[in-house]
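Examination of the molecular architecture
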Amino acid sequence: MLTFENVTLTQGDFALTADIAIDEGVTAVIGPSGGGKSTLLSAVAGFLEPQSGRVLCNDQDLTGLAPGKRPVSMLFQDNNLFPHLTVLQNVGMGMRPDLRLKTGDEQTILHALTQVGLAGYADRKPAALSGGQQSRVALARVLVADRPLVLLDEPFAALGPALKDEMLTLVRDVLVKAGKTVVMVTHDPQDARAVADRVVLVADGDASAPVATQAIFDDPPAALRAYLG
């Protein structure tokens, strides 16, 4: 579980408050541009410390922990793959950033590649992959990192609709089955409808409590109606 306990986040003149708890499964974070969605993720990842309050993961206080010390994996839109490394090495960095792989690590990596549909791709470089395949490599790296909390900051936004749907399905089939808490920032309500168990609306300087996806779209609050148009 991810908990924001009376959190206030500030960036310049902008302030965002959050006092919510997010369960396992997929939670979509939606709202207008500039409303604070990525700010919320930055506080979890360790790129922005709260002005007040605490962020906790499974009751572990994350306050003051460096990003690399947090039980968090993050997927970005550019996938953050290293072009000079093979697929196996890029995935392996999720386990050991120094790539000093131990006995059994390679088998774990190969299994993760199979899970994301990339069996046989271990020796390729990112330049030889399609955009969708590169996203799958990044997803496999999250799998082998084996951290309980996964943050998705619109990692599939550059993909076409069919590929994006494919990746969102993989997120549910692979990460949720592994028991992860997945928090997904998106500008596209269809992403939330496709895979999210619940939705957090970020608008007007506040992150609202999670609401079941079907329920929030069936009866959207005023801020969501304004966003949807």
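Up top you'll find the structure we're talking about.
Numbers given to residues run from 1 along each chain, matching the order in which its sequence is written. Predicted model: local features are reported for residues with pLDDT of at least 70 only, side-chain atom pairs are reported and counted for 80 or more only, and whole-chain, interface and lining totals are derived from all residues. Neither water nor hydrogens contribute to the side-chain values; these are computed over all heavy atoms in the structure.

Turning our attention to the environment of Gly 36. Structurally, Gly 36 is set in the loop between strand E3 (25–30) and helix H1 (37–45). Expressed as a C-alpha distance, the spacing of Gly 36 and Leu 16, which sit 20 residues apart in the sequence, is 6.6 Å. Residues contacting Gly 36, with those up to four places away along its chain left out, are Phe 14, Leu 16 and Val 202. The helix and strand labels rest on DSSP assignments: H or I over at least four residues marks a helix, E over at least two residues marks a strand, and numbering proceeds from the N terminus. The criterion used for residue contact is that any of the two residues' heavy atoms lie within 4.5 Å.

Here we take up the pairing of strand E7 (residues 149–153). Here E7 lies mainly inside the structure; 5 of its 5 residues are buried. Partly exposed residues are those whose accessible area sits between 20% and 50% of the maximum for their type, while under 20% is buried and over 50% is exposed, using a 1.4 Å probe and protein chains only. Of the two faces of E7, the one holding Leu 149, Leu 151 and Asp 153 and the one holding Val 150 and Leu 152 are both buried throughout. Pairing between strands requires that DSSP locate at least two bridges from one strand to the other. Sheet analysis places strand E6 (residues 72–75) next to E7, joined by 4 bridges and oriented parallel. Opposite Ser 73, over in E7, you have Val 150 as the bridge partner. The sheet contact formed by E7 and strand E8 (residues 181–185) spans 5 bridges and is parallel.

Definitions used throughout: a 1 Å grid over protein atoms alone; a cavity as a set of points that fits a 1.4 Å probe which cannot get out; a pocket as an open set with protein on both sides within 12 Å along at least five of seven lines; a lining residue as one with an atom within 4 Å of a point. Grid points are joined across faces, edges and corners, and a volume is the space filled by probe spheres set on the points. The volume enclosed by the largest pocket comes to roughly 570 Å³. Lining the largest pocket are 21 residues; nearest its centre among them are Val 72, Ser 73, Met 74, Arg 141 and Arg 147. Secondary structure elements with two or more residues in the lining of the largest pocket: E6 and helix H4 (131–145). Its residues assigned to classes, the lining of the largest pocket comprises 14 nonpolar, 5 polar and 2 charged. Residue polarity follows a fixed list, in which Ala, Val, Leu, Ile, Met, Phe, Trp, Tyr, Cys and Pro are nonpolar, Asp, Glu, Lys and Arg are charged, and the others, Gly among them, are polar.

Turning to the pairing of E3, a few remarks are in order. Taken across its 6 residues, E3 has 6 buried, putting it largely inside the fold. Examined bridge by bridge, E3 and strand E9 (residues 198–203) share 4 bridges and lie parallel to one another. Within the sheet, the bridge partner assigned to Ile 30 lies in E9 and is Leu 201.

By convention, a stacked pair of Phe, Tyr or Trp rings (six-membered ring in the case of Trp) has centres within 6.5 Å and planes under 30 degrees apart, an edge-to-face pair has planes over 60 apart, and any other such pair is tilted. Summed over all chains, the structure comprises 0 aromatic pairs. Throughout this description, the term charge over a ring refers to an Arg CZ or Lys NZ atom that lies within 6 Å of the ring centre and within 35 degrees of the ring normal. Residue placement shows Arg 124 over the ring face of Tyr 121; its charged tip is 4.2 Å from the ring centre. Over the face of the ring belonging to Phe 217 we find Arg 193, whose NZ or CZ atom lies 4.3 Å from the ring centre.

When a carboxyl oxygen of Asp or Glu is within 4 Å of a side-chain nitrogen of Lys or Arg, the pair counts as a salt bridge. Applying the stated criterion across every chain, the model contains 9 salt bridges. Across the pair Arg 70 and Glu 49 runs a salt bridge, and its minimum N-O distance is 2.8 Å. Residue Arg 70 is located in the loop between strand E5 (60–61) and E6, and its partner Glu 49 is located in the loop between H1 and strand E4 (52–57); the two are separated by 21 residues in the primary sequence.

To continue, consider the packing of H4 against helix H5 (residues 161–176). Close contact between H4 and H5 brings their axes to 11 Å; oriented N to C, the two are set at 15 degrees. In terms of their interaxial angle, H4 and H5 are classed as roughly parallel. Handedness of the crossing formed by H4 with H5: right-handed. Only Leu 163, Glu 166, Met 167, Leu 170, Val 171, Val 174 and Leu 175 of H5 make contact with H4, whose side of the interface consists of Gly 132, Ser 135, Arg 136, Leu 139, Val 142 and Leu 143. In terms of residue class, the contact of H4 with H5 is made up of 9 nonpolar, 2 polar and 2 charged. For helices, the axis comes from a line fit to the C-alpha atoms of the stretch in contact; other axes are also lines fit to C-alpha atoms, and the angle between any two N-to-C directions lies between 0 and 180 degrees. Should an angle fall under 35 degrees it is called roughly parallel, over 145 degrees roughly antiparallel, and 65 to 115 degrees roughly perpendicular, with every other angle called oblique. A crossing counts as left-handed when the near helix is turned anticlockwise from the far one by less than a right angle, and as right-handed when that turn is clockwise.

What follows is about the side chain of Thr 86. Locating Thr 86 in the fold gives a position in the loop between E6 and helix H2 (87–92). By relative accessible area, which is 16% here, Thr 86 ends up buried. If near-sequence neighbours (up to four positions away) are discounted, Thr 86 is found in contact with Ala 122, Asp 123, Arg 124 and Lys 125.

Right, let's talk about the nonpolar core for a bit. Among the buried residues, those of types Ala, Val, Leu, Ile, Met, Phe, Trp, Tyr and Cys that are joined through side-chain atoms within 4.5 Å form a nonpolar core. Residues Val 91, Leu 113, Leu 139 and Leu 175 are the most contacted members of the largest nonpolar core, which totals 44 residues. No other element matches the 7 residues that H4 contributes to this core. Judged by nonpolar contacts, the second largest core, of 27 residues, contains Ala 43, Leu 48, Cys 57 and Val 72.

For the rest of this paragraph, the subject is H4. Helices are assigned an expected span. That span is 1.5 Å times one less than the residue count. Under the 1.5 Å per step criterion, the end-to-end length of H4 is 22 Å for 15 residues, consistent within 8% with the ideal 21 Å. A positive phi of about 55 degrees marks Asp 146, the residue just after H4.

Now for the packing of helix H3 (residues 105–115) against H4. Close contact between H3 and H4 brings their axes to 9 Å; oriented N to C, the two are set at 130 degrees. Here H3 is positioned oblique relative to H4, judged by the angle of their axes. As H3 packs across H4, the resulting crossing turns out to be right-handed. When H3 is examined against H4, the residues Thr 108, Ile 109, Ala 112, Leu 113 and Gln 115 are found in contact with a partner set consisting of Ala 140, Leu 143 and Val 144.

These results come straight from atomic positions and should not be treated as a statement about function.
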